[in-house]
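Here's the letter readout for the chains.
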Amino acid sequence: MLKSILGGVTAALMLSSAASATDLIIYHNWSSGPEVAALNVLKAGLEAKGHTWTDIAIPHDTGSNVNLMNLVTGGTPPNVFLESSPGVYRDLIGLGLGRPLTEFFTEQGILEHYPTSVVSSITVDGEIMKIPTAIHIDGMAYYNMDVAKAAGVDPASWNSLDAMFADFQKIRDAGYIPIAIGGQQWQVGYLTHALAAATGGPEFYNGLYGAEPDPSVIDSADMRTLLETLRRFQQEADEGSVNREWNVTTNMVITGKALMQIHGDWMKGEWTAAGKVAGTDFGCVQIPGAKAVPVTVDSWGILGGQPADVDAAELDFAAVVADPQIQADFSAAKGSTPTRLDAPAEVLDACSTEVLHILEDADHQVPNPHSTVDADWQNSIWDVVFNFWSDPSMSVDDAIAQIQENYDIILG
Amino acid sequence: MSQFSVSERAAASGAMSQTRAPYFVRKKKGITPRTIAILVFLSICALFFCVPLYVVVVTSFKTMDQIREGAIFSLPTIWTLEAWDHAWNQACSGIKCEGLKVGFWNSVFILFPSLILSISLAMVTGFALALWNVRWAGAFLFLLFICAFVPFQIIMYPLIVMTTTTKIYGTLWAVAVIHAVLAMPVLTLIFRNYYKDIPTEIMSAAMMDSGSFWRIFFEIIVPMSGNILIVVLILQITSIWNDYLIGVTFGGLSGQPMTVNLANLITISTGTTNYAHNMAAALLTAIPPLVVYFLVGKLFVQGVTAGAIKG
């Protein structure tokens, strides 16, 4: 079965110039201005190959994409879907609708251009299943350059978190909030894994958030450092932090009420929307002294078990997404960073350049938990760290005990 | 009519026994400090509940630059309809930037078939169960009662399979039919309880005159159902219009209602947010049920009280 499909695929690939126009149904959850602009870059690329794009947008991001699986069960599955959760791919493989891309990527020689964290993000159980389309770093510090100047600090010069905290009093004296934090569960969860990578490094991080978590890291010195650092951040949060959206938090920095925010670097979109320019109005650095950065990779998957011409069209889509020029244009439109280290640099802004520079070091990066880890396990960590965050009387030991208990229930 | 008869009877009983007299005296007391206190308290409550609405309305007329400043209670410095125009005509649901109007018409096309189907079926079933000698009627009612408590999520997959085999999955019809089916238990119970109180004399007379199920239904029952129809209509319009889950599950590629478009616009995890657009879009989505309330709200209350006061 698989062989005949693969045979059909190679035949179709050889004939791809003569392949008939195919209508692809594209499923995603993007609707904001920059996202739509970025999708149009892909659409133009797909149409240049003679295919058409039928769009279906449904908001999701649940980690186990119910809507997508509903469409599959209903017999109207999309050809291409924006999905990072490995669970969804496992479900599709179980239904005979998985479409491994390992062969495609190796044949095209694309893999060596991806940062290591991207390759691990798109791999499910040893096979490459996803087409990476955009990179975001989960824990970047974005700071307002005017505020930095007014307070007399230079975030780019901090080489450790201690150096950063040491400057906070100075910033407060100048009348600014040193760090704006949005106190929602997912934001605290993101901060936690960003700090896990920054303070613990890849080995600790992968023990906690890898495809197969290692229970020995739960009660370790690195875990204590992580939780203590998290507590430190919680104490620095301003009064309005509770349940504040990240955009609102970002706008505190944009409007100069706060110096900086540590969050996923999609916040660049807010800066750009406010007409600010990276490198002149705002600066971006990784968490001071970070041992590694977690990388969020937005990825597409394609539907397997299709007739040869549809499969060829789906692979055309993959080729469009992976194209270096399209990668650069896409990122410029969305405010993300290209997945390819060799994307043409002239369209990239200061922050994307910085991110690609960081990602050149293969050991300085780890994949976002969403693309690797069991969803229940990740949610349980979010629960515990958010309780820890919300209740200052909760000790590091309590948190560790709870995580341990969750591990035994979910993965033990 | 029934209200009138009630007050008439109250007046009659008041006249008969002197102990009931204070009812009428109290009315003439005029404004006391107590009423003022109650009025002030209620006004404060009303204002309190209006604050979010005020913020939503005001924000929808602001520019994004002003929203970024963060003073959510301030009035717009520049009043602009840009957000409303954007939400209706240009808001993106995915790559299609045709605004909420697409979803609006989808919602309308879902609403009407669904209303007709659910209400007509429930009326007939309710009539049969209440006034005809149906075998197993008690057991059937009990079953309906149980069905009313089954959450949609549990039967989602069987329903998807059923709509797929009937080839309507992913169309407006699927959404409309599923709404109708899911509303059946509650609506049937409502109609059944309403018809149960129709005097047996009317039914006996009707039986002697014709005896036909459908003739009695159309010539006697339907004309008598005005009040309860308004109640059910409002219930159904609100729940169908505001539904998200059924629309998103069964709408597929082309049948997504307005709420799904709204969610697409607002549920943004890693993109930029334009609050003015979001507020305008939310208001646009909320307006149709509100209009229905304003138009027939008075009748709704009449319908409910007609059901409440028996005899």
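Predicted model only: the values in this text are computed from it and were never measured.

Conventions adopted
Counting of residues starts from 1 at the beginning of each chain's written sequence and follows it residue by residue. Each chain is given a letter, starting from A, and each ligand a number, starting from 1, according to the order in which they appear as written. Local features in this predicted model are restricted to residues of pLDDT 70 or higher, and side-chain atom pairs are both shown and tallied only at a pLDDT of 80 or more, whereas totals for entire chains, interfaces and linings draw on every residue. With hydrogens and water excluded, all non-hydrogen atoms of the structure serve as input to the side-chain values. Note on exposure labels: buried denotes an accessible area under 20% of the residue type's maximum, exposed denotes more than 50%, and partly exposed covers the range between, all computed with a 1.4 Å probe on protein chains only. To qualify as a helix, a DSSP run of H or I must reach at least 4 residues; to qualify as a strand, a run of E must reach at least 2; elements of each kind are numbered from the N terminus. One bridge is not enough; two strands pair if DSSP finds at least two bridges between them. UniProt positions are given in the numbering used here, feature names are shortened, and annotations may be inferred rather than shown by experiment. A helix is expected to span 1.5 Å for every residue after the first. For Phe, Tyr and Trp, where Trp contributes only its six-membered ring, two rings pair if their centres lie within 6.5 Å, and the inter-plane angle classes them as stacked under 30 degrees, edge-to-face over 60, or tilted in between. Values of pLDDT, which run from 0 to 100, indicate the predictor's confidence residue by residue. Throughout, a residue-residue contact means that at least one pair of heavy atoms, one from each residue, lies within 4.5 Å. For patch building, the residue pool is restricted to those with more than 30% relative accessible area and no salt bridge; the joining distance is 9 Å between like charges and 5 Å between nonpolar side chains (Val, Leu, Ile, Met, Phe, Trp, Tyr). All accessible-area figures derive from a Shrake-Rupley calculation using a 1.4 Å probe, and residue coverage is judged against the displayed protein chains alone. Salt bridges are counted wherever a side-chain nitrogen of Lys or Arg sits within 4 Å of a carboxyl oxygen of Asp or Glu. Two parts placed together each lose some accessible area under a 1.4 Å probe, and adding up what both lose gives the buried area. By the criterion applied in these results, polar contacts are pairs of N or O atoms within 3.5 Å in which, for protein atoms, one can donate a hydrogen and the other can accept it, and in which residues neighboring in sequence qualify only through two side-chain atoms. Side-chain classes follow a simple rule in which Ala, Val, Leu, Ile, Met, Phe, Trp, Tyr, Cys and Pro form the nonpolar group, Asp, Glu, Lys and Arg form the charged group, and the remainder, Gly included, forms the polar group. An axis is simply a line fitted to the C-alpha atoms; with a helix, the fit covers only the stretch in contact. Between two such axes, the angle follows the N-to-C directions and lies from 0 to 180 degrees. Convention used here: angles under 35 degrees read as roughly parallel, angles over 145 as roughly antiparallel, angles from 65 to 115 as roughly perpendicular, and any remaining angle as oblique. It is the rotation of the near helix from the far one that decides the hand of a crossing: anticlockwise by less than a right angle makes it left-handed, clockwise makes it right-handed. Counting rule for disulfides: a pair of cysteine sulfur atoms within 2.5 Å.

Enquirer: In this structure, what is going on with helix α12 (residues 246-254) of chain A? I would like to understand it.
Expert: Structurally, the α-helix is built with 3.6 residues per turn, so residues lying three or four positions apart point the same way. Residue and element names in this part refer to chain A. In terms of burial, α12 is a largely internal element, 8 of the 9 residues being buried. Of all the positions in α12, only Trp-246, Asn-247, Thr-249, Thr-250, Asn-251, Met-252, Val-253 and Ile-254 are classed as buried. Residue Gly-256 follows α12 closely and has a positive phi angle near 85°.

Enquirer: For this particular structure, what's the right way to read the pairing of strand β9 (residues 258-263) of chain A?
Expert: Regular strands show a simple pattern: their side chains alternate between the two faces of the sheet. Residues and elements named next belong to chain A. Along β9, 6 of the 6 residues are buried, which leaves the element largely enclosed by surrounding structure. Alignment of strand β7 (residues 140-144) against β9, held across 4 bridges, turns out to be antiparallel. Each residue of the ladder has a partner; that of Ala-141, found in β9, is Ile-262. When strand β8 (residues 177-180) meets β9, the two strands line up parallel, connected through 3 bridges. Each bridged residue has a counterpart across the sheet, and for Ile-177 the counterpart in β9 is Ala-258.

Enquirer: How should the UniProt feature "transmembrane region" (unreviewed entry) in chain B be read in this particular structure?
Expert: Residues and elements named next belong to chain B. Mapped onto this numbering, the UniProt entry annotates "transmembrane region" (unreviewed entry) at residues 36-57, 108-132, 139-160, 172-195, 216-238 and 275-296. The span residues 216-238 is 96% helix and 0% strand, and its two end C-alpha atoms sit 30 Å from each other. End C-alpha atoms of residues 275-296 are separated by 32 Å, and the span's content is 100% helix alongside 0% strand.

Enquirer: Before we go on, may I ask you to explain helix α11 (residues 221-236) of chain A in this structure?
Expert: Across its 16 residues, α11(A) extends 23 Å between first and last C-alpha, which sits within 8% of the 22 Å expected from 1.5 Å per residue. Those residues of α11(A) not exposed but buried are A:Met223, A:Leu226, A:Leu227, A:Thr229, A:Leu230, A:Arg231, A:Phe233, A:Gln234 and A:Glu236.

Enquirer: How should I be thinking about the packing of aromatic side chains in this particular structure?
Expert: For any pair of aromatic rings, the description consists of the separation of the ring centres together with the inter-plane angle of the planes. Using the criterion set out here, one finds 38 aromatic pairs over all chains in the structure. Ring centres of A:Phe165 and A:Phe168 lie 5.3 Å apart, and the angle between their planes is 80°; this geometry places the pair in the edge-to-face category. With a centroid separation of 5.7 Å and an interplanar angle of 75°, the aromatic rings of B:Phe48 and B:Phe49 are classed as edge-to-face. Take B:Phe48: its relative accessible area is 59%, and that puts it in the exposed class.

Enquirer: Explain the confidence of the model for chain A to me, please; I cannot follow it from the model alone.
Expert: Should pLDDT be low for a region, the predicted coordinates there are not to be read in detail. Residue and element names in this part refer to chain A. Residues with a pLDDT of 70 or more make up 94% of chain A, whose mean pLDDT is 89. Per-element confidence in chain A is highest for α11, whose mean pLDDT is 95, and lowest for helix α1 (residues 2-14), whose mean pLDDT is 48. In this model residues 6-18 is a low-confidence stretch, pLDDT under 50, and it forms 9 contacts with partners more than four residues away in sequence or in other chains.

Enquirer: What's the story with a nonpolar patch on the surface in this structure? I'm lost.
Expert: The grouping of B:Val51, B:Tyr54, B:Ile72, B:Phe73, B:Leu75 and B:Trp79 at the surface amounts to a nonpolar patch, some 620 Å² of accessible area in total. Here B:Phe73 is to be found in the loop between α4 (64-69) and α5 (82-90).

Enquirer: What should I look at first to understand the interface of chain B and chain A in this one?
Expert: Quite often, the size of an interface is put as the accessible area lost when its parts meet. Contacts between the two partners involve 30 residues from chain B, matched on the other side by 40 residues from chain A. For the pair chain B and chain A, the summed buried area comes to about 2900 Å², and 57% of that belongs to carbon and sulfur atoms. Our count for the chain B to chain A interface comes out at 0 salt bridges. Where chain B packs against chain A, one counts 8 residue pairs in polar contact (both at pLDDT 80 or more). Each residue belonging to the side of chain B that touches chain A can be placed in one class, and the counts come to 14 nonpolar, 13 polar and 3 charged.

Enquirer: Is there a simple way to think about the packing of helix α10 (residues 200-209) of chain B against helix α11 (residues 213-224) of chain B in this case?
Expert: Each packed pair of helices is defined by two parameters, the angle between the axes and the distance between the axes. All names here are of chain B. Where α10 contacts α11, the two axes come as close as 11 Å, and the packing angle between them is 155°. It follows from the interaxial angle that α10 and α11 lie roughly antiparallel. Like other packed secondary-structure pairs, α10 and α11 cross with a definite hand, here right-handed. In this structure, α10 uses Ile-202, Met-203, Ala-206 and Met-207 to contact α11, whose residues at the interface are Ile-216, Ile-220 and Met-224. Looking at the contact of α10 with α11 residue by residue, the classes come out as 7 nonpolar, no polar and no charged.

Enquirer: Mind showing me how you'd approach the state of the cysteines here?
Expert: Here a disulfide denotes a covalent bond joining the sulfur atom of one cysteine to the sulfur atom of another. Overall, the coordinates contain 2 disulfides over all chains when judged by the stated rule. Across the disulfide from A:Cys284 sits A:Cys351; the S-S distance is 2.0 Å. Note on the A:Cys284 and A:Cys351 pair: the S-S dihedral is about -115°, so by sign convention the disulfide is left-handed. Of the two residues, A:Cys284 sits in strand β10 (residues 282-286) while A:Cys351 sits in helix α16 (residues 350-359), which places them 67 residues apart along the sequence. B:Cys92 shares a disulfide with B:Cys97; S-S distance 1.9 Å. Judged by the sign of its S-S torsion, about 95°, the cystine formed by B:Cys92 and B:Cys97 is right-handed. Residue classification places B:Cys97 among the partly exposed residues on the basis of a relative accessible area of 31%.

Enquirer: Quick question: what am I supposed to make of the pattern of salt bridges here?
Expert: Opposite charge on two side chains permits them to pair, given that their charged atoms come into close proximity. A full pass over the atoms with the stated rule returns 12 salt bridges over all chains. Beyond isolated ion pairs, a larger network of salt bridges with shared partners links A:Asp219, A:Arg224 and A:Asp397.

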